[in-house]
Amino acid sequence: MKKLNVAIIGQGRSGRDIHGAFLHTEEAKERFTVVAIVEEIPSRAERAKAEFGVPVFEKYTDLFDCGLTIDLVVNSSYSYLHAPISIDLLEHGFNVLCEKPAAHNTDEFDAMCAAAEKSGKFLGIFQQSRFAPYYVQVKKVIDSGVLGRLVDVDIRFNGYARRWDWQTVLANNGGSLRNTGPHPLDQALNILNDYDHMPTVFCKMDYANTFGDAEDYCKLILTAPEKPLIDLTISCCDGYPTCTYKIHGTRGSLKGDMQHIEWKYYDHEHAPRQELVARGPISKPDGTPAYCSEKLEWTTESWEGDPNGAFDSAVAAYYKDMYEFLTEGKPMEVQLFQVRQQIAVYQEAHRQNGHTD
């Protein structure tokens, strides 16, 4: 099996604790080898030398003439640097896996895509939540058709927390929609499945527990013709988070979180036959008034996920998907045009809340 040489930019929560942690696993080592790290903070650079045993550079530009064979650069820099660093890397002939949020707006993202096309190099955006086991199961149920036509999809990425780091600052591409939002928003747009058109967007942002100027509450409503309404909430002021997903369908419903999902549905073909009573009362067999109701026979199913491995398995699945593209040319699940629609949505959401580019 061909191994790809990887350089990682950044040794923060993403570069070290997500990408670095995965690339240290035996599963990853079958396909990838870390050959270089970029980290400007001295203490983190020293730790990276000890943990990876590879050259550690202060600046990403040091990769340009370092003499190493590098098949892929993971861009885990600060969010506001994702676009300019990715463009520079692409222009210097590197394949790039860029962390989310990919860009501040569609103009930046279009420039990234143009650089990839001109250089003939790979640009991937790390939207691993498309592969999260709970979401894969939700899509499996939806695609089976047992819920009927979807009417309403509620997605909640909520909790109660205060934040005071750099990701609470708008100028840093911070805020809940750009930080947490790329995960549920990617899933929401995938369920909506109308990538050729901009959905109708309504967004309300608030500032509950943040120490910066970026939102930590975001209500985002999306819809399109002949599509369900998607109600997405990302909140840092919800002390009673319950369902991650709740779906209303014409023949059934689904609810659940990242570890447990259950759904119920009825068999339309064997349901009681009813006829519209457009005028006049509905009565019981004895002639007394009746409420319009019936007894449906429900089929109930459930799914149990691994509470400890959900995130790791999504990361592994994304890397496997990317590896097969780079080595075999297999199409990737997460496409650039899909990410662009996501960026257009959060750009419009910020516009509605008075945030200009």
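Bear in mind that the values here come from a model prediction, so they are computed numbers and not experimental data.

Analysis parameters
Residues numbered from 1 in each chain as written. Predicted model: local features only at pLDDT ≥ 70, side-chain atom pairs only at ≥ 80, totals over all residues. Heavy atoms only, no water. Helix = DSSP H or I, 4+ residues; strand = E, 2+ residues; numbered from the N terminus. Contact = heavy atoms within 4.5 Å. Core = buried A, V, L, I, M, F, W, Y, C linked by side-chain atoms within 4.5 Å. Buried < 20%, exposed > 50% of the residue type's maximum accessible area, 1.4 Å probe, protein only. Axes fitted to C-alpha atoms, helices over the stretch in contact; angles between N-to-C directions. Parallel < 35°, antiparallel > 145°, perpendicular 65-115°, else oblique. Left-handed = near helix turned anticlockwise from the far one by under 90°. Nonpolar A, V, L, I, M, F, W, Y, C, P; charged D, E, K, R; others polar. Pairing = 2+ DSSP bridges. Salt bridge = Lys/Arg side-chain N within 4 Å of Asp/Glu carboxyl O. Phe/Tyr/Trp six-rings, centres within 6.5 Å; stacked < 30°, edge-to-face > 60°. Lys NZ or Arg CZ within 6 Å of the ring centre and 35° of its normal.

Some thoughts on the side chain of Gln-341
Here is step 1: Residue placement: Gln-341 occurs in helix α10 (residues 336-352).
Here is step 2: Apart from the residues lying within four places of it in its own chain, the contact partners of Gln-341 are Leu-189, Asp-194, Tyr-195, His-197 and Pro-199.

Looking at the nonpolar core
Here is step 1: Leu-220, Tyr-245 and Tyr-319 are the most contacted members of the largest nonpolar core, which has 95 residues in total.
Here is step 2: In terms of residue count, helix α9 (residues 310-328) provides more of this core than any other element does, seven residues in total.
Here is step 3: When neighbours within four sequence positions are excluded, Leu-220 is seen to be in contact with Leu-177, Leu-185, Val-201, Phe-202, Cys-203, Ile-230, Asp-231, Leu-232, Val-345 and Ala-349.

Here's the deal with the packing of helix α6 (residues 133-144) against helix α8 (residues 182-192)
Here is step 1: Direction vectors running N to C along α6 and α8 enclose 15 degrees, while the axes themselves pass 12 Å from each other. With respect to α8, the element α6 is oriented roughly parallel. The handedness of the crossing between α6 and α8 comes out as right-handed. Counted together, Tyr-134, Tyr-135, Lys-139 and Ile-142 of α6 and Gln-187, Asn-190 and Ile-191 of α8 form the full contact between these two elements.
Here is step 2: Among the residues forming the contact of α6 with α8, the class breakdown is four nonpolar, two polar and one charged.

A look at the pairing of strand β7 (residues 150-158)
Here is step 1: In this sheet, strand β11 (residues 245-249) lies alongside β7 in antiparallel orientation, the contact comprising five bridges. Bridge pairing in β11 links Asp-152 to His-248.
Here is step 2: Sheet topology note: the β7/strand β10 (residues 229-235) ladder contains seven bridges and is parallel. Bridge pairing in β10 places Arg-156 opposite Thr-233.

Some remarks on the pattern of salt bridges
It is possible for side chains bearing opposite charge to pair when their charged atoms get close.
Here is step 1: Going through the model one piece at a time under the given rule, you end up with 13 salt bridges.
Here is step 2: The partner of Asp-110 in a salt bridge is Arg-340, and the shortest N-O contact between them spans 2.7 Å. In this pair, Asp-110 sits in helix α5 (residues 106-119) while Arg-340 sits in helix α10, placing the two residues 230 residues apart along the sequence.
Here is step 3: On the basis of relative accessible area, Asp-110 is assigned to the partly exposed category, the value being 31%.

So, the packing of aromatic side chains
Here is step 1: The final tally for this structure, using the stated rule, is 16 aromatic pairs.
Here is step 2: Members of the aromatic cluster, joined through ring pairs, are Phe-22, Phe-32, Phe-126, Phe-131, Tyr-318, Tyr-319 and Tyr-323.
Here is step 3: Here the basic side chain of Arg-31 rests over the ring of Tyr-323, its NZ or CZ set 5.5 Å away from the ring centre.
Here is step 4: Over the ring of Trp-298 we find Lys-264; its NZ or CZ atom is 4.9 Å from the centre of that ring.

A look at the pairing of strand β4 (residues 72-75)
Here is step 1: By the alternation rule, side chains of β4 split into Leu-72 and Val-74 and Val-73 and Asn-75, which are all buried.
Here is step 2: Looking at chain direction, strand β1 (residues 4-9) and β4 are connected through four bridges and run parallel. Each bridged residue has a counterpart across the sheet, and for Ile-9 the counterpart in β4 is Asn-75.
Here is step 3: Sheet analysis places β4 next to strand β5 (residues 96-98), joined by three bridges and oriented parallel. Each residue of the ladder has a partner; that of Val-73, found in β5, is Val-96.

Quick look at unusual backbone geometry
Here is step 1: Geometrically, the link from Lys-100 to Pro-101 is a cis peptide bond, its omega value of -10 degrees lying close to zero.
Here is step 2: For Pro-101, the location among the structural elements is in the loop between β5 and α5.
Here is step 3: Even without glycine at this site, Glu-226 takes up a positive phi of about 60 degrees.
Here is step 4: The residue Glu-226 is located in the loop between β9 (217-223) and β10 in this model.

As for the sheet that holds strand β6 (residues 123-125)
Here is step 1: Ordered by their spatial adjacency, six strands build an open sheet running β3-β2-β1-β4-β5-β6, and the pairing between neighbours is parallel. Looking at the sheet topology across the chains shown, the edges are occupied by β3 (56-57) and β6.
Here is step 2: Direction of pairing for strand β2 (residues 32-38) relative to β3: parallel, over a ladder of two bridges. By the bridge assignment for β3, Ile-37 is matched with Val-56.
Here is step 3: Sitting on the sheet, α5 is in contact with β5 and β6, with an inclination near 145 degrees to β6.

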